[in-house]
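An overview of the molecular structure
What follows is the residue order along each chain.
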Amino acid sequence: MGIISVENTDRLYWLGRYTERVYSTIKIFESRFDTMIDVDDLEYKAFCKSQDIPNVYESKEDFSRKYCFSLEDENSIFSNLMRAYDNAIVLREEIGSDTLSYIQLAVYAMNQAAISKAPLIGLQKVTDNLVAFWGMADDDIDESQIRNMIKVGKLVERIDLYARLKEPPEKIRREARRLTNRIDKSTMRYSPKTMAYVNYLVQLDDVPYDALIDSVEKLVGDSM
Amino acid sequence: MVTYTDIFSKKERVEDMELYAGAGDVNEQLARYGVKFGIYKNNEFKEQLFPFDVIPRVIDSKEFDYLEKGLKQRVVALNHFIDDIYGDKRIVKDGVVPEEFIYAGSGYLPQCEGIKPPKGIYSHISGIDLVQGKDGNWYILEDNLRIPSGASYPMIARKISRRSAPDLFTGKHIEDNRNYADLLRRTMDHVNVGGHTVILTPGRYNAAYFEHSYLAEKTGAHLVSGSELIVENDHLYFIDYSGRKEKVGAVYRRISDEYLDPMNFNRESVIGIPHIFDIYRKGNVALINAPGNGVADDKGIYYFVPKMISYYLGEEPILSNAPTYLPYYEEDMKYVMEHFDDLVLKDVAEAGGYGVVFGSKMTMEEKARFKEMLQKEPRRFIAQEVIDFLDIDIMEKGQLLPRKADLRAFVLMADEPMVWKSGLTRFSRNPDSFIVNSSQGGGFKDTWVLSQ
C-alpha cells in the first residue's frame, strides 16, 4: 500500500460524492424536465424543495438553464461538476491520467451542452464520461484503498440523495448494505456507531428520511 | 544546418503532412489529458491549453552528439561553480568572475555558505535554452538551474502523436523520449538519503501544476504540498491519512528558494516547510535542485560560463554563448551605447520573457530613458547581439508558416550527467516576435532526436 495524505483521502471521498451528485441530478433533471414539457410547468419548485435548494428560478426555462449550466448558481449541476474537477485535478498521481481524463472530458461536454440547442443530448455525454470515469477507476486504479475511498463517497452521496427524494426504503437499504461492506475496506476514518445507526434507520418500515440524511452526512471524516 | 525539410525527402514530408492531417487533432487529445498551464490575468487564475504544433523539430544523431557533449560540459562546469561559490571561492579570488556579480545578485543565498549537498550535486535538473542561428550554429541563450519546467509537454505529446499517427514514426529511427521519467527517477534516487521520494508542489494554482502531477504519476513519486510534510528530530516526514509518519529522503521541490522554508527564507511563506533547510544542511534530506543555484543562472553570470568551463575543466567550451556584453565593463558599455539598435537588452532580475527589450523597437524617447537607466544601473542589464534564429515551420490551417523557435534541453545529473534525447521546442505564434514563452502565448513542438 502506498502512502496517502489526509488531504487526498478527503479529496477522493469528495470526488466520489460530487461525481455521483452530478450523475444522479442529471438523471433526476431529465425526468423532471420531461414532466415540465407538457404536464406541469412548476415541477421544478417541488424539485428544489426536495433537494433543499433555494428556488431562485423565475420559470421552467430559467430553471433549466441555470440549474444545469450556471456557474454562478452554487447548486447547479455544472458547479458540482467543477467541484468534482477541482478534487480530481489534484489527484492525478493517485488515480492516473487516463482516469482523470474522463472528468476533463465531462467538463468539456458540459461546456458544449450549455450552448447546445438540445441540452439533454449534451448532458448525456456528461453522464457517459462519468460512467467511463467510474469504469476506469474500477479497472485502472491498482490501489484498492483509493478505489474504495471513491466508492464510499459515491455511496454516501447516493443514500443522501435517495433520502432527500424519499425513494422507496428497499432502494436505500441496498445502498446501505453496499456502503457497510465497503467502508471498512477503504480504511477511512468513520464512525462505526453512525454506520450502525444508518443501518437501523433504513430497516424501519417508515424510514425517517431527515434523520437518515443527518446521520449519513456525519458518517465520514471531520463531521462524524 | 539541419531542419526537418533537410532530413526528410519531399515525398516523405508530403506523406507526413497527410498522416498528420488524417490523424485527428492532437491538440484535442492534449486537452483531454489536461495538458495546460496556469496564468494570472487581472488577478484571476486561468488555465490555458499549451498549443502544440505537429511538425517536430528534428535533430540528427551527429548533431545531437555534439550538443550532448557541449551540454554535459556546461552543466558539469556550472556545478563546479556553485560548489566553489558556496565553498572556497577560488574563481573570485583568481579574478575570473568579479564579486559584484555574485554577491549583488538575488540568486546568491548566504544561507548556503559551506553546505555540501548529497553526492555533491547542486543542479540535478538543468534546463538549457538554445537557439540555432541561420548560420547553423547553436547558441546558448540561458541556463535554468533552479526549477526548470517543460519536459512533460513533449513527453505526453509524443505519447499522443504515436497513437494518433503511428505510421509517422515507422522507419524514422527516432529516440524514444518517453524515458524522461526514468531518467528523473534515477536522478532522484541517486541522491535520496533514505526514505520516500516526493515532488513538492505549491498547488494546483501554480503555472506548471500539470507538469508536477504528471511527473509524479510517471515517476511513482508522491506529489505533496508543504502542509503534508513535517520536520521532526532532524528528519523529514510525510504524514499519511492515519497520522503515521513516513521518512522522506529526497524532495524534488517545485517551489522557489524563497518560499521553501519560512524559518530560513521568506518568513511569510505558507507553502514551505519550517526547518527543512536546517536538515538539508545536516545532510538528512536531498533537495532537488539545491537551494542557492540562482547564483549560477543569473543572466549576468551567463557571460562568464565559457570562462568557468576553461577555469574548472581546462577545456575549450564546446557550445557558444550568444555574443553578450556587460555594460558593467566600460568597454562593453561604450559598445552598447554605440550599437544600441542592434542589441537586445535583458534585465537580469526578470525571467519568462519579461524584461526583454529590443533596441531597434524603442522610440527615441524610450531609448534615451533606457540609456540613462543603463548608466545608473549597469549591473542590472546584459546586452546581446540579436541572433538571426533559424525559422522553423509550423502548420496553421493547413499551411506551413515560418516561426522563431528555441530549444530547452534537459540535462539530468545522477551518477553521471545525462542529456535527455529530446527537449522542449517552443515557438512564437506571432510572426514578428522572438518571444517564445508559453506565458506570452507561445506554443510547443516535439523534438525528435534521430538515433542514426
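Residues numbered from 1 in each chain as written. Chains lettered and ligands numbered in written order. Predicted model: local features only at pLDDT ≥ 70, side-chain atom pairs only at ≥ 80, totals over all residues. Heavy atoms only, no water.

A short note on the state of the cysteines
Residue and element names in this part refer to chain A. Inspection of every chain in the model, using the stated rule, returns 0 disulfides over all chains. Not engaged in a disulfide, the cysteine Cys 48 finds its nearest cysteine sulfur in Cys 68; these two sulfurs lie 11 Å apart. Under the relative-accessibility criterion, Cys 48 is labelled buried at 1%. (Disulfide = S-S within 2.5 Å. Buried < 20%, exposed > 50% of the residue type's maximum accessible area, 1.4 Å probe, protein only.)

Concerning the pairing of strand 21 (residues 424-427) of chain B
Residue and element names in this part refer to chain B. Taking every second residue as pointing to the same face, both faces of strand 21 are buried, with Leu 424 and Arg 426 on one and Thr 425 and Phe 427 on the other. Where strand 19 (residues 405-413) meets strand 21, 4 bridges bridge the pair, whose relative direction is antiparallel. For Arg 408, the partnering residue across the bridge sits in strand 21 and is Leu 424. Where strand 21 and strand 22 (residues 443-449) come together, 3 bridges link them in antiparallel fashion. Across the sheet, Phe 427 pairs through a bridge with Gly 443, a residue of strand 22. (Helix = DSSP H or I, 4+ residues; strand = E, 2+ residues; numbered from the N terminus. Pairing = 2+ DSSP bridges.)

What to know about the domain arrangement of chain B
In many analyses, interface size is given as the accessible surface area lost on bringing the parts together. Residues and elements named next belong to chain B. Split into domains, chain B comes out as domain 1 (4-317 + 388-449) and domain 2 (323-385). In this assembly, 17 residues from domain 1 lie in contact with 19 residues from domain 2. Taken together, both faces of the contact between domain 1 and domain 2 bury some 1,600 Å²; the carbon and sulfur share is 57%. At the boundary of domain 1 with domain 2, the tally comes to 1 salt bridge. The residue Asp 298 makes a salt bridge to Arg 379 at a minimum N-O spacing of 3.7 Å. Where domain 1 touches domain 2, the interface holds 4 residue pairs in polar contact (both at pLDDT 80 or more). Mapped by element, the contributors of at least two residues to the side of domain 1 that touches domain 2 are helix 6 (100-103) and helix 13 (299-302). Among the elements that take part in the side of domain 1 that touches domain 2, helix 13 stands out by supplying 3 residues, more than any other. Each residue belonging to the side of domain 1 that touches domain 2 can be placed in one class, and the counts come to 8 nonpolar, 5 polar and 4 charged. (Domains from an automatic or database assignment. Contact = heavy atoms within 4.5 Å. Buried area = accessible area lost by both parts, 1.4 Å probe. Salt bridge = Lys/Arg side-chain N within 4 Å of Asp/Glu carboxyl O. Polar contact = N/O pair within 3.5 Å; in protein donor to acceptor, adjacent residues only side chain to side chain. Nonpolar A, V, L, I, M, F, W, Y, C, P; charged D, E, K, R; others polar.)

With respect to empty space enclosed by the protein
Residue and element names in this part refer to chain B. Taken as a whole and judged by the stated rule, the model has 4 cavities of 30 Å³ or more. The calculated volume of the largest cavity comes to roughly 100 Å³. Around the largest cavity, the lining is made up of 15 residues, and of these Lys 36, Glu 47, Arg 204, Tyr 209 and Phe 210 lie nearest the centre. For the lining of the largest cavity, the elements supplying multiple residues, two or more each, are strand 1 (36-41), strand 2 (44-49) and helix 9 (209-219). Across the lining of the largest cavity, the residue classes tally to 7 nonpolar, 4 polar and 4 charged. (1 Å grid on protein atoms, 1.4 Å probe; cavity = no way out; pocket = protein on both sides within 12 Å on 5 of 7 lines; lining within 4 Å. Points joined across faces, edges and corners; volume = space filled by probe spheres on them.)

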